[in-house]
Amino acid sequence: MNLGQILSWISFLASIVAGLGFLAAAGGREGGGKVGRVAFRVQWFALLASTAFLWLILFNHQFQFQYVANYSSRSMPWYYVYAALWGGQEGTFLLWALITATLGLLMMRGRGLFANSTMLFLNLPLVLLGLVTAMRGPFLMWPNGGMPPDGQGLNPLLQDPWMTIHPPVLFIGFSSLVAPFAIGMSALVHRDYDGWVKRVLPWCAFSAGILATGFIMGGVWAYKVLGWGGYWGWDPVENGSLIPWLCNMALLHGLLVQRATGSLRRTNFFLAITSYVLVLYASFLTRSGVLADFSVHSFANLGLSGFLLSFLLIVLVTGYGALLWRMRDIPKAKEPLGSFSRESMMWLGQLVFMLMTALITVGMSAPLLTRLWGPPSNVQTSYYNLVNAPLAIALGLLLGSAPLMRWRHQDPRVFLSSVLPALGVGLAVVIAALLMKVQDLVPLTVLFGAGFALGANVIVTARGFRSGWKHGLPYLAHSGVAILLIGVIASSNYGASTQVQLPRGQSRNALGYALTYQGVRTGERGQDQVVIAVQDPSGNYEASPKLYWSEFNQAYMKKPHIQRHLTHDVYISPLEMVGQEEASRGVWFRKGESKKIGEVLWTFVDFDRQMGDVVRVAARMRAEIGGRTVPVRPILEMKMGGDGVPNRIPDYLPGGASVQILSVDPNTGSVQLELPGMGRGDGGDVLAVEISTKPLINLVWAGAIVMLAATFLSMIRRIIDQRRSQVAAAKA
């Protein structure tokens, strides 16, 4: 047994001792708390040492460890070797456990029955994570002393500076939701139905801020690396990180209502438990292999689906069981929510967040649900836009109305006079949108709601800052959300886009820009870049998007060039070298036909077609690899009235190898595919690119920065308030 395995077992055993100690202390045995705290510190130290040991074997290329061989290589720069720690499932379980234990150290400073109970529930997931790390962690070695000469390395898509920080930030956010769960469970045990609000508020604000930071980082990575021009694709794994955040936002606003009016006690306990249950549910979907064929982010199945399901069920039964046990004991509010008041608007906002959570959860669960009736399938992204558009309108109107109201009762006449400036801002945004030729009703209504929210919250922010820095922060965060929403609508719906072929040395016009393809040069790390001279009305420049062959993916990888301006971005994404002879690199399949390429047996099942301004054809393929069958679904898009250059959206096998459609023959119902293991083509002389504009995209980043800064300052404010009240209580 190696040092990593020994440390993993020490951590697991210490988590059991800590849990028993905290259980004894919560039952009134004073010595149990001391034992629990000592064991918990041992557990944390063992996890920290395990993490350090994993980095040590990664940086020293110890390929006798399976994890090191699977997720690193000798040619990787040091910062991607560092990021390989969370490149695979085993490493992320270890990271998850270390972050949770570190948060536990911060929470363990409290004393008494409540603190011991909180630590008992916080330690529960650590026992389960410790078990999986000991049994199936990153320290397993190849059998019979085998060792490859080099590792496979990371997927090139993940080799980006943002991926060195985005996953751990997101994991901190995920892990932090254990705090509201543990504090809420402890409050249920000790019948502390109101006192827990002050304890949990800083954690909810922290979770909201850190998860949103992770989303923004992931959005920036998708925008600058993946080449499809967006920052959020409603990918099932993206949705898996969004739903706990939405649930936590509902909890955060519900807690503020409870603190002011005593209402929503039961709802808030339900949301504190549900936020963490959704973390585990999303982890189950992502890591059980259920979504392996529907998301570029998903992990392959390591045979842990039973463990993950058990993990989810234990927390689910414990959490909801405790809530049901105490349900009748939780007192109702002395007064009902006011019919026209700030708390009623916030309660409606809470319902909007809960509806968003439920509808997105149903959508992301489609591959799991449809499995019950046949082949698994996913919902289209249009589903999410359709169900969330009316909720976004409602959210904007509530976001603007609530801050202008008083608690308990609002005089309608006073409200009407105070709301007029905000309505003016909303109308101004709509008029500006109409001048920019935005004519669709739904986006216009969303923009009106966002403008209204922006106007109202800027006014209230200014009033709040006049009373003290901390009073304006929540409304400043709301203003950031409104700015972000305006940027999202403008950049994702009203940019121009076209595809164009660029013969080498000849200028072509597209969207008012003159483009000249000048050739290929080798960029950093030996990756090819195509060089395009761009004549832009605001100034000429050289665009150098990447288009290079990846041995890891057995396909061409693409990375766009983004030219930034104050009011918009110009986004140039390479598609392919058109002169390349496709017949030499593709294999034709008829419907139902199977062919073996390398070690994989491929079967073409059928087409999925979607007609419209953009014709979309997906090929449903089945790949049999080592006794395992994997569905694959590459897509070919063709814009009607375009220049005939298709947009190819590849699909990926577990491990990263890509599959893409080269051509479709509607007469014979056949498809030509580029498959892993076929080798690269010879290149051509005509470069096909897609050029698009992203109007007002800087509002997305500016709104996000304002929102995050205000959220973290609000968290600091809650911590200061909590410490002051603790000092006051101690003096009393």
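That block above? That's the structure.
Values in this document were obtained by computation on a predicted structure and should not be read as measured data. (Residues numbered from 1 in each chain as written. Predicted model: local features only at pLDDT ≥ 70, side-chain atom pairs only at ≥ 80, totals over all residues. Heavy atoms only, no water.)

**A short note on the pairing of strand S18 (residues 658-665)**
In the case of a regular strand, side chains alternate between the two sheet surfaces.
Logical step 1: Summarising the sheet, S18 and strand S19 (residues 670-674) pair through five bridges and their orientation is antiparallel. Directly across from valine 664, in S19, lies its bridge partner valine 671.
Logical step 2: Joining the antiparallel neighbours S18 and S19 is a turn of four residues, in which glycine 669 adopts a positive phi near 65 degrees. (Pairing = 2+ DSSP bridges. Helix = DSSP H or I, 4+ residues; strand = E, 2+ residues; numbered from the N terminus.)

**Observations concerning the sheet that holds strand S20 (residues 686-695)**
Logical step 1: With antiparallel pairing, four strands are arranged side by side in an open sheet as S1-S20-S9-S8. Edge strands, defined here as strands with exactly one partner in the open sheet, are strand S1 (497-503) and strand S8 (561-564). Taking each pair of neighbouring strands and ignoring which way they run, the sheet shows an average axis angle of 25 degrees. (Axes fitted to C-alpha atoms, helices over the stretch in contact; angles between N-to-C directions.)

**Observations concerning the packing of aromatic side chains**
Logical step 1: Here the structure, examined in full by the defined rule, presents 29 aromatic pairs.
Logical step 2: Ring plane angle 45 degrees and centroid distance 5.1 Å describe the contact between tyrosine 223 and tyrosine 571, whose orientation is recorded as tilted. Of the two residues, tyrosine 223 is situated in helix H9 (residues 196-226) and tyrosine 571 in strand S9 (residues 568-577); the sequence distance between them amounts to 348 residues.
Logical step 3: On the accessibility criterion, tyrosine 571 (2% relative accessible area) is buried.
Logical step 4: Through a chain of ring-to-ring contacts, three or more aromatic side chains come together here, namely Phe215, Trp232, Trp234, Trp245, Tyr383 and Tyr384.
Logical step 5: In this arrangement the basic side chain of lysine 694 is found over the ring face of tyrosine 571, its NZ or CZ atom lying 5.2 Å from the centre. (Phe/Tyr/Trp six-rings, centres within 6.5 Å; stacked < 30°, edge-to-face > 60°. Buried < 20%, exposed > 50% of the residue type's maximum accessible area, 1.4 Å probe, protein only. Lys NZ or Arg CZ within 6 Å of the ring centre and 35° of its normal.)

**Things to note about the packing of helix H16 (residues 412-435) against helix H17 (residues 441-467)**
Logical step 1: It is the contact of H16 with H17, at a shortest axis distance of 7 Å, that shows an interaxial angle of 140 degrees. With respect to their mutual orientation, H16 and H17 come out oblique. Handedness of the H16/H17 crossing: right-handed. Across the interface between the two elements, Val419, Pro421, Ala422, Leu423, Val425, Gly426, Leu427, Val429, Val430, Ala433 and Leu434 of H16 pack against Leu444, Leu447, Phe448, Gly451, Phe452, Gly455, Ala456 and Ile459 of H17.
Logical step 2: When grouped by side-chain class, the residues that make up the contact of H16 with H17 number 16 nonpolar, three polar and no charged. (Parallel < 35°, antiparallel > 145°, perpendicular 65-115°, else oblique. Left-handed = near helix turned anticlockwise from the far one by under 90°. Contact = heavy atoms within 4.5 Å. Nonpolar A, V, L, I, M, F, W, Y, C, P; charged D, E, K, R; others polar.)

**Considerations on the pairing of S8**
Logical step 1: Pairing between S8 and S9: four bridges, direction antiparallel. Paired with isoleucine 562 across the strands is tyrosine 571, a residue of S9.
Logical step 2: Counting the residues in the hairpin turn of S8 and S9 gives three residues.

**Points about the packing of helix H8 (residues 178-189) against H9**
Logical step 1: Across the interface, H8 lies against H9 with an axial gap of 9 Å and an inter-helix angle of 170 degrees. When the axis of H8 is compared with that of H9, the two are roughly antiparallel. Contacts from Ala179, Pro180, Ile183, Gly184 and Ala187 in H8 reach Trp196, Arg199, Val200, Trp203 and Cys204 in H9.
Logical step 2: Of the residues assigned to the contact of H8 with H9, the class counts are eight nonpolar, one polar and one charged.

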